[in-house]
Amino acid sequence: MADPASPDDRTPQSDHARATPAYDMGYLAYHDKRFSGPPRSGWHKSKRETSGMNVSRRLWDQRQGLRRDYEAVHGTDPTQWPVRHPGVVLDAVQWIAHSACLGCEWMDRQGVYMKESGWRERALAAAREHEESWHR
Ligand SMILES: [Zn+2]
């Protein structure tokens with residue numbers, strides 16, 4: 001596997017990408033958040049690196065899509081946004097929804113089970129809590 005940080009395959013970055021580090025590699029941050037601690041077993045380790053990584057990627061992709069929508073309305077400069085940490089709910093992967101943030105790499109690790117009633121409200125509440133924790 002190629003080292004993403006090696007100078008040889010580093011692509012030139014726009015000013016915007018430089019201003020938001022890990023813009024493209026953010027799914028790795030999500031992955032680390034979802035799976036902290038040592039793997040419980042060899043099976044767990046390989047599972048984490050295959051389907052686990054896919055889930056992290058899909059969640060991150062959804063977050064990036066939501067961020068683009070947000071930027072289309074509020075602009076690409078986060079310092080000009082109405083709130084610096086807009087909270088969102090990532091529900092692209094069944095059956096666990098995760099609260100997340102468009103302004104940073106925060107994500108609610110545990111998430112909420114989407115078959116329980118009121119899951120979206122609970123996920124939104126966690127997202128709002130993150131959003132507001134930056135304005136207290
Ligand atoms: Zn945030």
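Just above sits the structure.
A brief look at the structure comes next.

1. Some thoughts on the packing of aromatic side chains
Evaluation of the coordinates by the stated rule reveals 2 aromatic pairs. On the basis of an interplanar angle of 75° and a centroid distance of 5.0 Å, the ring pair of Tyr-70 and Trp-81 is categorised as edge-to-face. Highlighted residues: Tyr-70 in helix H4 (residues 51–74) and Trp-81 in the loop between H4 and strand E1 (87–90), separated in sequence by 11 residues. For Tyr-70, a relative accessible area of 16% corresponds to the buried category. Given a relative accessible area of 6%, Trp-81 falls into the buried group. Sitting over the face of the ring of Tyr-27, Arg-57 holds its NZ or CZ atom 4.1 Å from the ring centroid. Directly above the ring of Trp-95 sits Lys-115, whose terminal nitrogen or CZ lies 4.6 Å from the centroid.

About the thresholds
Residues numbered from 1 in each chain as written. Predicted model: local features only at pLDDT ≥ 70, side-chain atom pairs only at ≥ 80, totals over all residues. Heavy atoms only, no water. Phe/Tyr/Trp six-rings, centres within 6.5 Å; stacked < 30°, edge-to-face > 60°. Helix = DSSP H or I, 4+ residues; strand = E, 2+ residues; numbered from the N terminus. Buried < 20%, exposed > 50% of the residue type's maximum accessible area, 1.4 Å probe, protein only. Lys NZ or Arg CZ within 6 Å of the ring centre and 35° of its normal.

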